[in-house]
Amino acid sequence: MATTAKTARKIAAVKEIMFLWEGKDKTGKAVRGEMRAAGEAVVQASLRRQGIVVSKVKKQTFRGGGKVTDKDITLFTRQLATMLKSGVPMLQSFDITAKGSGNPAVGRLLNDIRADIETGSSLNQAFRKYPIYFDALFCNLVAAGEQAGILDTLLDRLATYKEKILAIKGKIKSAMFYPIAVIVVAFVITAVIMIFVIPEFKKVFSSFGADLPGPTVVMIGISDFFVSYWYLIFGSVFGSVFAFFYMLKRSVVMQIAFDRFLLKMPIFGEIVRKATIARWTRTLATMFAAGVPLVEALESVGGAAGNHVYKVATDGIRNDVSTGVSLTVAMQNSTVFPSMVIQMVSIGEESGQLDNMLGKVAEFYEQEVDDAIAAMSTLIEPIIMVFLGTLIGGMVVAMYLPIFKIASVV
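Residues numbered from 1 in each chain as written. Predicted model: local features only at pLDDT ≥ 70, side-chain atom pairs only at ≥ 80, totals over all residues. Heavy atoms only, no water.

## Topic: the overall build of the chain
Part 1 of the reasoning: Scanning the chain from N- to C-terminus turns up 16 helices and three strands.
Part 2 of the reasoning: Against the 2.2 N^0.38 benchmark of 22 Å for 410 residues, the chain shows a C-alpha radius of gyration of 31 Å, more extended than a compact globule.
Part 3 of the reasoning: The buried share of the chain, reckoned over its 410 residues, is 37%.
Part 4 of the reasoning: Here the analysis covers contacts within the chain between residues at least 6 apart in sequence; of these, 61% occur between residues at least 24 apart. (Helix = DSSP H or I, 4+ residues; strand = E, 2+ residues; numbered from the N terminus. Rg over C-alpha atoms; globule rule 2.2 N^0.38 Å. Buried < 20%, exposed > 50% of the residue type's maximum accessible area, 1.4 Å probe, protein only. Contact = heavy atoms within 4.5 Å.)

## Comments concerning the nonpolar core
Part 1 of the reasoning: In this structure, Ile113, Phe127 and Phe134 are the most contacted members of the largest nonpolar core, which totals 73 residues.
Part 2 of the reasoning: If you tally residues by element for this core, the top one is helix 11 (residues 268-289), at ten residues.
Part 3 of the reasoning: For Phe134, the residues in contact, after removing those within four places along its chain, are Ile73, Phe76, Leu109, Ile113, Phe127 and Cys139.
Part 4 of the reasoning: Grouped together as the second largest cluster of nonpolar side chains are 14 residues, Ile195, Phe201, Ile220 and Phe226 included. (Core = buried A, V, L, I, M, F, W, Y, C linked by side-chain atoms within 4.5 Å.)

## Observations concerning the pattern of salt bridges
Part 1 of the reasoning: Within the structure shown, the criterion is met by 13 salt bridges.
Part 2 of the reasoning: Across the pair Glu200 and Lys203 runs a salt bridge whose closest N-O atoms are separated by 3.6 Å. Of the two residues, Glu200 and Lys203 are both situated in helix 8 (residues 151-205); the distance of three residues between them amounts to about one turn of the helix.
Part 3 of the reasoning: Residue Glu200 is classed as partly exposed on the basis of its relative accessible area of 43%.
Part 4 of the reasoning: In this structure, Asp315 engages Arg318 in a salt bridge whose closest nitrogen and oxygen atoms are separated by 3.1 Å. You can see Asp315 and its partner Arg318 sitting in helix 13 (residues 308-322), three residues apart, about one turn around the helix.
Part 5 of the reasoning: For Asp315, a relative accessible area of 26% corresponds to the partly exposed category.
Part 6 of the reasoning: One salt-bridge network, held together by shared partners, links Arg78, Asp156 and Glu163. (Salt bridge = Lys/Arg side-chain N within 4 Å of Asp/Glu carboxyl O.)

## What about the environment of Leu166?
Part 1 of the reasoning: Considering the arrangement of structural elements, one finds Leu166 in helix 8.
Part 2 of the reasoning: Between the alpha carbons of Leu166 and Asp70 there is a distance of 7.5 Å; along the sequence they are 96 residues apart.

## Section: a nonpolar patch on the surface
Part 1 of the reasoning: On the surface, a nonpolar cluster with roughly 580 Å² of combined accessible area is contributed by Met176, Ile180, Val184, Val188, Val192, Phe196 and Val197.
Part 2 of the reasoning: Mapped onto the elements of the fold, Val197 is located in helix 8.
Part 3 of the reasoning: Residue Val197 is classed as partly exposed on the basis of its relative accessible area of 35%. (Patch = residues over 30% accessible without salt bridge, like charges linked within 9 Å, V, L, I, M, F, W, Y side chains within 5 Å. Areas by Shrake-Rupley, 256 points an atom, 1.4 Å probe, with all protein chains shown as cover.)

## Comments concerning helix 7 (residues 136-148)
Part 1 of the reasoning: Between its first and last C-alpha atoms helix 7 spans 18 Å; for 13 residues at 1.5 Å apiece the expected length is 18 Å, and the two agree.
Part 2 of the reasoning: Along helix 7, the positions that sit buried rather than exposed are Leu137, Phe138, Cys139, Asn140, Leu141, Val142, Ala143, Ala144 and Gly145.
Part 3 of the reasoning: Buried residues along helix 7 sit in contact with helix 3 (70-85), helix 6 (123-128), helix 8, helix 11 and helix 12 (294-305).
Part 4 of the reasoning: Positive backbone phi, at 75°, marks Gly149, one or two positions downstream of helix 7. (Expected span 1.5 Å × (residues − 1).)

## With respect to the side chain of Arg318
Part 1 of the reasoning: A polar contact of 3.1 Å, which involves the side chain of Arg318, links it to the side chain of Asp315.
Part 2 of the reasoning: Every residue in contact with Arg318, bar those within four places of it in the chain, is listed here: Val295, Leu298 and Glu299. (Polar contact = N/O pair within 3.5 Å; in protein donor to acceptor, adjacent residues only side chain to side chain.)

This is the structure in structure tokens:
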């Protein structure tokens with residue numbers, strides 16, 4: 001008995017590979033295709049049983065590496081929902097999506113999931129094997145759709161949810177990219193001026209034989225420091241940036257502190273808060289509309305919000321709701337939601353349309369994020385112009401002051 005179980009485990013542990021084959025069928029017609037199997041011999045044996053004379057079998061290779069992104073998963077979800085709604089069988093949908101993907105990593109992932117489904121796994125069980133790409137929220141909604149027989153509807157709702165969340169993240173990143181890019185460019189320009197331009201002015205000024213103006217002396221001193229210790233300056237700047245993101249990715253304490261700092265930032269903090277509330281309400285609306293019980297839905301909502309402050313608040317809300325407290329009161333006790341959100345949730349609970357009200361709140365805050373980013377972009381452009389003008393203009397004026405002084409004497 002033990003030996004049989006051990007053998008079964010060994011068979012299950014064999015990794016199947018995708019093979020491409022060519023041959024001729026019983027009528028002599030050239031045919032080709034692909035097959036997932038544990039080895040080349042298995043492919044040949046299977047094809048012989050089908051009456052196909054095999055001429056070539058080779059392992060399928062995927063060119064390029066790449067990685068699976070949120071955008072890839074969102075696109076796959078939308079494609080799968082569309083094909084299932086159109087009546088395309090599940091396995092064929094996976095084939096079409098995998099072959100149509102331009103990312104080899106996505107193709108490999110979908111082929112692996114397809115193989116799991118072929119061996120009898122349900123769709124949500126196949127997804128749960130890849131938690132990096134399919135989180136608990138995704139798998140729970142797919143499971144609810146399979147149980148209720150409305151998988152295509154749930155996938156469509158899930159695709160809409162992921163598209164909305166992806167749009168919010170993209171807008172936040174675009175809002176951050178502009179000022180960061182300007183700061184990087186300003187640093188590079190300053191370093192070039194300090195290391196290459198100002199030393200040339202210094203050679204010219206050394207022949208004047210007169211005292212230089214204070215700003216010029218300061219600028220030459222900074223330039224000398226850059227020339228002498230440029231490797232330390234660049235090393236410390238890039239090392240600090242690398243260390244920050246390294247710690248942010250691996251340290252929970254750092255992530256918590258950074259999330260709190262983001263919410264307290266002037267101007268940008270309010271955008272982060274609105275985006276977080278939009279994700280929170282959109283996630284809860286999607287899960288509640290799918291028939292997931294409220295307490296179970298709240299388990300996934302906290303992590304989907306993307307901010308530790310709201311994750312902790314959601315854990316408290318879930319505990320309150322599990323003891324019989326209404327969602328409205330639990331959210332009020334958390335003190336992290338605006339009164340408008342709490343009032344809309346209260347109306348939703350009283351009218352029995354909680355998912356609809358949460359969806360309206362999400363739409364409102366998504367629009368608020370759009371407006372806030374547009375306003376911030378309008379505000380930040382003149383600030384950046386003044387910053388760059390002061391920085392570069394100050395260096396230029398400091399270098400030309402001695403020339404102006406000599407010209408006035410002459």
